Amino acid sequence: MSALSDPAFFFTVLAIPDFPVWAVRAMHPELRERELAVLSSGRVVACSSGLARMGVAPGQAAGRVHALAPEAVLRVLSGVEQRLAWDELLADLNRQTPWIQPESPGRACMRFAREEEAIQTATRLRIPLGQAGDRSTALLAALSAEEGQRIRVPRGAEHEFRMALPVETLAAAGVGRGTLERLVWLGFERVGSLARLTREQLCAQFEEGPLLETLVRCQDRAPVLLYEPPSVVAVAHEFEEPLLEPTGCEPVLNHLLEQAVAGLQGRRTSRVSLRLHSAGQVHPARRLLAAPVAEAARLRVAAWQAFKQAWPGPGFALGRLELELGGLSAPRRVQGQLWPTRPDPEAALRNLESRFPGRMLRVVRLAPWSILPEEAAVLEPLTHRFPEGKEPA
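These remarks concern the structure in this document. Since the model is a prediction, treat every value here as computed from it, not as a measurement.

Rules used throughout
Residues numbered from 1 in each chain as written. Predicted model: local features only at pLDDT ≥ 70, side-chain atom pairs only at ≥ 80, totals over all residues. Heavy atoms only, no water. Helix = DSSP H or I, 4+ residues; strand = E, 2+ residues; numbered from the N terminus. Rg over C-alpha atoms; globule rule 2.2 N^0.38 Å. Buried < 20%, exposed > 50% of the residue type's maximum accessible area, 1.4 Å probe, protein only. Contact = heavy atoms within 4.5 Å. Areas by Shrake-Rupley, 256 points an atom, 1.4 Å probe, with all protein chains shown as cover. Lys, Arg positive; Asp, Glu negative; His and termini not counted. Charge placed at Lys NZ, Arg CZ, Asp CG, Glu CD. Pairing = 2+ DSSP bridges. Axes fitted to C-alpha atoms, helices over the stretch in contact; angles between N-to-C directions. Salt bridge = Lys/Arg side-chain N within 4 Å of Asp/Glu carboxyl O. Disulfide = S-S within 2.5 Å.

The subject of this paragraph is the overall build of the protein chain. Scanning the protein chain for helices and strands turns up 14 helices and 14 strands. In terms of overall dimensions, the protein chain is more spread out than a globule: its C-alpha atoms have a radius of gyration of 32 Å, far above the 21 Å expected for 393 residues. Projected onto the principal axes, the alpha-carbon positions of the protein chain cover approximately 90 × 75 × 55 Å. Within the protein chain, the fraction of its 393 residues that count as buried is 41%. In the protein chain, once contacts between residues fewer than 6 apart in sequence are set aside, the share between residues at least 24 apart is 62%. Of the roughly 22,300 Å² of accessible surface on the protein chain, 54% is carried by carbon and sulfur atoms. Of note, the protein chain has its 46 positive side-chain charges centred 2 Å away from the centre of its 45 negative side-chain charges.

Pairing is mixed in the open sheet, where three strands are placed in the order β3-β2-β4. Of all strands in the sheet, those with a lone pairing partner are β3 (43-47) and β4 (73-76), marking the two edges. For this sheet the average axis-to-axis angle between neighbouring strands, irrespective of direction, equals 35°. The pairing of strand β2 (residues 36-40) with β3 spans four bridges and is classified as antiparallel. When the sheet's bridge partners are listed, Ala-37 is paired in β3 with Cys-47.

Before going further, it helps to spend a moment on the side chain of Glu-117. In this structure, Glu-117 sits in helix α5 (residues 115-125). According to the relative accessible area criterion, Glu-117 is buried, its value standing at 12%. Excluding residues that lie within four positions of it along the chain, Glu-117 makes contacts with Gln-96 and Phe-112.

Under the defined criterion, the tally for this structure stands at 18 salt bridges. Residues Glu-88 and Arg-286 are paired through a salt bridge, measuring 2.1 Å at the closest nitrogen-oxygen approach. Taken as a pair, Glu-88 in helix α4 (residues 79-94) and Arg-286 in strand β11 (residues 281-293) lie far apart in primary sequence, 198 residues in all. Between Arg-217 and Glu-213 there is a salt bridge, with the nearest N and O atoms lying 3.1 Å from each other. Judged by relative accessible area, Arg-217 falls into the buried class, the value being 15%. Given a relative accessible area of 9%, Glu-213 falls into the buried group.

By definition, a disulfide is the covalent link that joins the sulfur atoms of two cysteine residues. The full count for this structure, using the stated rule, is zero disulfides. Here Cys-218 is not cross-linked by a disulfide; its sulfur's nearest cysteine counterpart is in Cys-109, at 14 Å. In this structure Cys-218 comes out as partly exposed when scored by relative accessible area, which is 24%.

And the structure:
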């Protein structure tokens, strides 16, 4: 297999257009088949494709959504929930490939060793993926893919692929509505038709010229960097004898919480995850917190609920319990001094005077603006600096 046809040399781009909706469904699997709208301040931020076909659009009020789709589920936008869903998706992808470069929530560039891995990942995680020999073509392919679909653009077919794309596709890539309207007015109906314009022409006619230049060319082939996963605090306990009753695990769970909280080191956590191991089987569970916390007492209820959710039932023998605190927030910053202060030299001066009595001199300014140097300043023993009776010992 040549380097030109090797999938490892193809860029794979993940682009989820309505990421808030995807994040809610990832955190709440029971909502995957429901029509969903995510709101902020009573207005629609993102909606599912079914609601979009019914006429729901970002910016509409919640009442409008109820009028068009009474059975739709409305959820309030949660930044913590989105961040946790994104972290878990990246962790899942990192188990497939180490080359992941996140760009924003819902968008990342990757490289897979085998083509089958990309197809299976898109189907299993229900995410749109695009593959091509450069980043911009792969991004356009991902924006054209449906949920759970992978579109691959062969090398040499990039221009044909762009000529088949309507110019409205660029909206999901970050091009503003005003620029899209001007493109249509000027007769550019396909993305590929912009390739005949030079960079100077694009920048002269459109404020977003540099972005258009990147999207219509096949020049962005910067290598994908290795992914550095976010830090978590993980602790575990191995039972000498399998535990058969869930109530007997409560002291162990509390002890693991104390250990994990000690490892936060000033940070706060938004997620508690448990994994119960028994005879080669793993039973996971997690709980999301309403707000980041750093106290073990405020984590016990969530941890115990996750434990009861993961416990399969009678006959289960627990051999190993793992606890993980994720979604860590940075410790609170405290404003320090803008300029370093010099330490008080009093102790050092007293020490030197005690070792060399009478030899330590200091400059005393008498008349700083005097013409004669001897009238401007004089030297006197350092002992004059200290009050009577408090000379250096």
